[in-house]
Amino acid sequence: MLTTDTVLFEQLEFKENAQYEAIISDLIDKKYSIIDGFFDMVEVDFLRETLRKKYEEDNFKKAAIGNRTNEVVEKSIRGDFILWINEADGGEAERIYFSKINSLVEYLNRTCFMGILHKEFHYTVYPEGTYYKRHLDTFQNDGRRKLSMVCYLNNENWKPENGGELTIYTNEYGEEKQIDIYPFPGRVVIFESQELEHEVKPVKVPRFSITGWLKTR
Ligand code: OGA
Ligand code: MN
């Protein structure tokens, strides 16, 4: 029997699949994809509040460069503070977050044989005046990083003048192009970790996000 619930569920699934298909064709065409409204404002507010609480409890550490066994804190390269998220022992916010991520990963693996087996994510705060110089995410010494994913958790009146654009460098017909992406709340940016250099421009207002990587074997 077709109940209202089944209809609603099918509509939601249809919408999600259309969104995932758009991500896949973007990645094939240009190696990055920008998805507005991946998280709705209720989810963004809840995730940001959870992040802020943890930040106030002083759980964050200065982000380093290099991998986890070979880290150096280099303020002239990046100035953000991070807290790794453990999916298994997260709370309600992390559960909401990962249910969306897992649904996307499941779709990518099922329809594109992406072979994503691992993922790692951290909460991120860029205090006023900080930035992250141009880099490749494999700089982190981890060749398994396949897709980088940044979810912006700023509040709803975030303005372009606040700075903190994610600038992605692409190559079109041999010419370098810069794509400036504003960290608007609910927006998610996905790009090929091994392919696209990028940077975070200096921020003028604290900037909040969840950053992570989808990894192959
Ligand atoms: C990173 C990164 C981009 C952003 O953490 O490696 O490039 O927009 N972040 O926060
Ligand atoms: Mn990066």
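This section reports on the structure supplied with the text. Because the structure is predicted, anything quoted here is derived from the model rather than measured. (Residues numbered from 1 in each chain as written. Chains lettered and ligands numbered in written order. Predicted model: local features only at pLDDT ≥ 70, side-chain atom pairs only at ≥ 80, totals over all residues. Heavy atoms only, no water.)

Remarks on the pattern of salt bridges
Taken as a whole, this structure holds 16 salt bridges when the rule is applied. Residue Arg134 pairs with Glu197 through a salt bridge whose shortest N-O separation is 2.6 Å. You can see Arg134 sitting in strand E5 (residues 132-135) and its partner Glu197 sitting in strand E10 (residues 197-200), a full 63 residues away along the chain. Note on Arg134: relative accessible area 36%, which makes it partly exposed. (Salt bridge = Lys/Arg side-chain N within 4 Å of Asp/Glu carboxyl O. Helix = DSSP H or I, 4+ residues; strand = E, 2+ residues; numbered from the N terminus. Buried < 20%, exposed > 50% of the residue type's maximum accessible area, 1.4 Å probe, protein only.)

Focus: the site of ligand 1
Around ligand 1 lies a shell formed by Tyr132, His135, Asp137, Val150, Tyr152, Leu166, His198, Val200, Arg207, Thr211 and Trp213. With respect to ligand 1, the side chain of Asp137 contributes an N or O atom lying 3.2 Å from an oxygen atom. In this structure, an oxygen atom belonging to ligand 1 sits 2.8 Å away from a side-chain N or O atom of Arg207. Relative to its unbound accessible area of 290 Å², ligand 1 is 99% covered by the protein chains. Residue assignment for the shell around ligand 1 shows that the elements contributing at least two residues are E5, strand E6 (145-152), E10 and strand E11 (207-215). (Near = heavy atom within 4 Å. Polar contact = N/O pair within 3.5 Å; in protein donor to acceptor, adjacent residues only side chain to side chain. Areas by Shrake-Rupley, 256 points an atom, 1.4 Å probe, with all protein chains shown as cover.)

Topic: the coordination of the manganese ion (ligand 2)
Tetrahedral coordination by four donors sets the ideal angle at the metal to 109.5 degrees; octahedral coordination by six donors sets it to 90 or 180 degrees. Protein-derived ligands of the manganese ion (ligand 2) are His135 (NE2), Asp137 (OD) and His198 (NE2), with the metal-ligand distances lying across 2.1 Å. Each donor residue of the manganese ion (ligand 2) belongs to the same chain, and together they define the spacing H-x1-D-x60-H. One end of the pair, Asp137, is in the loop between E5 and E6; the other, His198, is in strand E10, with 61 residues separating them in the sequence. Comparing Asp137 with His198 shows no difference in burial state: the two are buried. (Donors = N, O, S within 2.8 Å, 3.2 Å for Na, K, Ca; no water.)

A look at the nonpolar core
Grouped together as the largest cluster of nonpolar side chains are 35 residues, with contacts concentrated most on Tyr97, Phe121, Met149, Ile190, Ile210 and Leu214. When contributions to this core are tallied by element, the ones reaching two or more residues are helix H1 (4-30), helix H2 (41-56), strand E3 (81-85), helix H3 (92-112), strand E4 (118-126), E6, strand E9 (188-192) and E11. By residue number, the principal contributor to this core is H3, which donates eight residues. Sequence-distant contacts of Met149, defined by excluding residues within four places in its chain, comprise Phe38, Ile101, Leu104, Phe121, Val188, Val189, Ile190, Ile210, Thr211, Gly212 and Leu214. In terms of nonpolar packing, the next biggest core, distinct from the first, is built from 10 residues, Val150, Tyr152, Leu166 and Ile181 among them. (Core = buried A, V, L, I, M, F, W, Y, C linked by side-chain atoms within 4.5 Å. Contact = heavy atoms within 4.5 Å.)

What to know about the sheet that holds E5
Taken together, four strands build an open sheet; the order of strands is E5-E10-E7-E8 and the sheet is antiparallel. Strand pairing shows two members of the sheet lacking a second neighbour, E5 and strand E8 (175-181), which therefore form its edges. Mean inter-strand twist for the sheet, computed between neighbouring axes without regard to direction, equals 20°. Inspection of the sheet shows strand E7 (residues 166-172) paired to E10 by four bridges, in the antiparallel sense. Note that in E10 the partner of Tyr169 across the bridge is Glu197. (Pairing = 2+ DSSP bridges. Axes fitted to C-alpha atoms, helices over the stretch in contact; angles between N-to-C directions.)

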